[in-house]
Amino acid sequence: MLKTIINIFLNIGQKYHGTPTEFSTDGFVKWEEVNIATGVTFQERKPKAFTVRNQSWSGSCVDQTIAKMIEVWDWVYDQVLTVFSATPGYQKRSNRPQPGRIGTEALDWPINNGVWLESDVPSQNMSDAQMDNANVDVTKKQKIKPNKKMVLPIDFYIVAEHVQKYNAVMLWFRASMSEWQKDIPSGYSNSDAVRHSVTAVDCILYNGIEYIIIEDSWGKWNKTSDIPLNDGQRAITREFFEKHCYFAAAFTQFLYEPIPSKKHEFKTIMEFGEKNDEIKILQDVLKSDGLFPSNTTSTGYYGDQTRRSILDFQIRYNVAPKNELLALNGKRVGSKTLAKLNELYNK
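**Student:** Got a minute to help me understand the packing of aromatic side chains in this structure?
**Tutor:** Aromatic ring pairs: the centre-centre distance and the angle between the two ring planes describe each pair. Applying the stated criterion to the full structure yields 14 aromatic pairs. Summarising the aromatic geometry, the rings of Phe-42 and Tyr-157 are spaced 6.1 Å apart at their centres and angled 85 degrees between planes, so their arrangement reads as edge-to-face. Note that Phe-42 is positioned in the loop between helix H1 (31–34) and helix H2 (61–78) and Tyr-157 in helix H6 (residues 156–166), a separation of 115 residues in sequence. For Phe-42, a relative accessible area of 11% translates into the label buried. Residue Tyr-157 is classed as partly exposed on the basis of its relative accessible area of 34%. Joined through ring pairs, the aromatic side chains of Phe-42, Phe-156, Tyr-157, Phe-173, Trp-180, Phe-240 and Phe-241 make up one cluster. When the ring centre of Tyr-90 is taken as reference, the NZ or CZ atom of Arg-93 above it lies at 3.9 Å. The positively charged end of Lys-149 is found above the aromatic ring belonging to Phe-28, 4.9 Å away from the centroid.

**Student:** Mind showing me how you'd approach the nonpolar core here?
**Tutor:** For soluble globular proteins, the rule of thumb is that nonpolar side chains tend to be buried together. Counting residues in each nonpolar core, the largest one holds 47 residues, and the members touching the most others are Val-159, Val-169, Leu-171, Phe-173, Trp-180, Ile-212 and Phe-241. Top element by residues in this core is H6. It accounts for five residues. Excluding its chain neighbours within four sequence positions, the residues that come into contact with Ile-212 are Phe-156, Val-159, Ala-160, Leu-171, Ala-200, Asp-202, Cys-203, Arg-234, Ala-235, Ile-236 and Phe-241. Core analysis: the next-biggest nonpolar cluster, separate from the first, contains 33 residues, Phe-28, Val-72, Trp-172 and Phe-251 among them.

**Student:** I would appreciate a short explanation of the packing of helix H9 (residues 277–288) against helix H10 (residues 304–316) in the present structure.
**Tutor:** A packed helix pair is summarised by two numbers, namely the angle formed by the two axes and the spacing between the axes. Packing of H9 against H10 brings their axes to within 11 Å, and their N-to-C directions diverge by 55 degrees. By the criterion of interaxial angle, the relationship of H9 to H10 is oblique. As for how H9 packs across H10, the hand of that crossing is left-handed. Where H9 abuts H10, its residues Leu-282, Gln-283 and Leu-286 lie against Thr-306, Ser-309, Ile-310 and Phe-313. A per-class count over the contact of H9 with H10 returns four nonpolar, three polar and no charged.

**Student:** Which parts of the structure should I look at to understand the pattern of salt bridges?
**Tutor:** When their charged atoms lie close together, side chains carrying opposite charge are able to pair. Taken as a whole and judged by the stated rule, the model has 20 salt bridges. Notably, a salt bridge pairs Lys-223 with Asp-231, separated by 3.5 Å at the nearest N-O pair. Taking the relative accessible area as the measure of exposure, Lys-223 reaches 44% and is therefore partly exposed. The shortest N-O distance in the salt bridge between Asp-304 and Arg-308 comes to 2.9 Å. Placement of the pair is Asp-304 and Arg-308 together in helix H10, with a separation of four residues, close to one helical turn. For Arg-308, a relative accessible area of 24% translates into the label partly exposed. Salt bridges linked by common partners bring Asp-63, Arg-101 and Glu-105 together as one network.

Rules of the game
Residues numbered from 1 in each chain as written. Predicted model: local features only at pLDDT ≥ 70, side-chain atom pairs only at ≥ 80, totals over all residues. Heavy atoms only, no water. Phe/Tyr/Trp six-rings, centres within 6.5 Å; stacked < 30°, edge-to-face > 60°. Helix = DSSP H or I, 4+ residues; strand = E, 2+ residues; numbered from the N terminus. Buried < 20%, exposed > 50% of the residue type's maximum accessible area, 1.4 Å probe, protein only. Lys NZ or Arg CZ within 6 Å of the ring centre and 35° of its normal. Core = buried A, V, L, I, M, F, W, Y, C linked by side-chain atoms within 4.5 Å. Contact = heavy atoms within 4.5 Å. Axes fitted to C-alpha atoms, helices over the stretch in contact; angles between N-to-C directions. Parallel < 35°, antiparallel > 145°, perpendicular 65-115°, else oblique. Left-handed = near helix turned anticlockwise from the far one by under 90°. Nonpolar A, V, L, I, M, F, W, Y, C, P; charged D, E, K, R; others polar. Salt bridge = Lys/Arg side-chain N within 4 Å of Asp/Glu carboxyl O.

Shown next as structure tokens:
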């Protein structure tokens with residue numbers, strides 16, 4: 001189970017580099033459960049560009065990243081750049097008034113509470129105090145876009161594939177200031193001077209080198225290379241990623257629409273953490289009941305999404321007393337659940 005080390009907040013170069021305190025990835029859907037790797041194509045072209053953000057004197061990089069992710073998410077639907085605010089979520093950080101943000105809280109915020117436009121609730125070029133004291137008009141809340149948060153493996157190609165398919169990934173890096181303040185960050189130090197959250201928005205090929213393109217919340221800076229980056233962007237190589245990235249997460253929009261399921265007789269007890277073909281069939285069956293995301297590929301991995309789907313199935317069909325089901329928390333498909341599955345789907 002991934003855990004970050006204890007948070008360090010540093011005020012360097014008139015910026016707070018606030019990244020999350022220690023937290024677990026419990027409650028995240030895992031990439032392995034709902035995605036099958038099909039490969040990524042790096043193309044020689046100018047990268048996509050979104051709006052330049054500047055967190056200035058605040059430690060709001062995690063919420064700035066989330067606002068950018070929602071911007072990218074929204075752009076996919078209407079091809080119009082709409083700027084969203086980092087302030088509403090940042091105001092609710094549990095470590096307030098300290099700078100920085102616990103990642104789980106931040107990723108849950110738009111899922112549970114919605115988002116606001118930057119024009120309605122400013123968040124750029126502001127201090128922590130200014131963001132904390134800003135007025136958030138609840139009547140101007142926008143429609144929630146994501147409904148789940150997903151943790152991705154720390155793998156350059158998996159992240160690039162997810163960016164190519166779904167357009168935005170939150171990445172956390174730790175490095176020295178000298179390593180980070182370049183168009184193409186480089187170096188192999190173990191420094192924690194910069195601990196920072198950014199948004200991966202594209203992947204390109206340039207002069208034969210594969211890059212993940214990230215957008216930062218530090219405004220603009222001088223370009224030091226000839227790579228065709230837009231304002232606020234940096235190009236991350238596989239080598240730098242593998243040395244310095246320590247967390248990757250994304251939002252996803254699962255659909256729960258019942259789809260046809262094949263007849264199947266279930267005979268095998270299944271448990272959380274396993275991966276096999278029987279679980280893959282189980283996920284297909286759960287899709288037919290509208291309990292597992294219908295817009296994903298069944299992978300056969302029994303992770304958190306399957307656990308929640310199983311619990312919903314068990315409660316819906318009264319497989320056992322509710323207190324017994326809640327105690328198991330969907331982590332086991334035992335004889336009673338197998339019997340109900342066969343009653344419903346082996347006719």
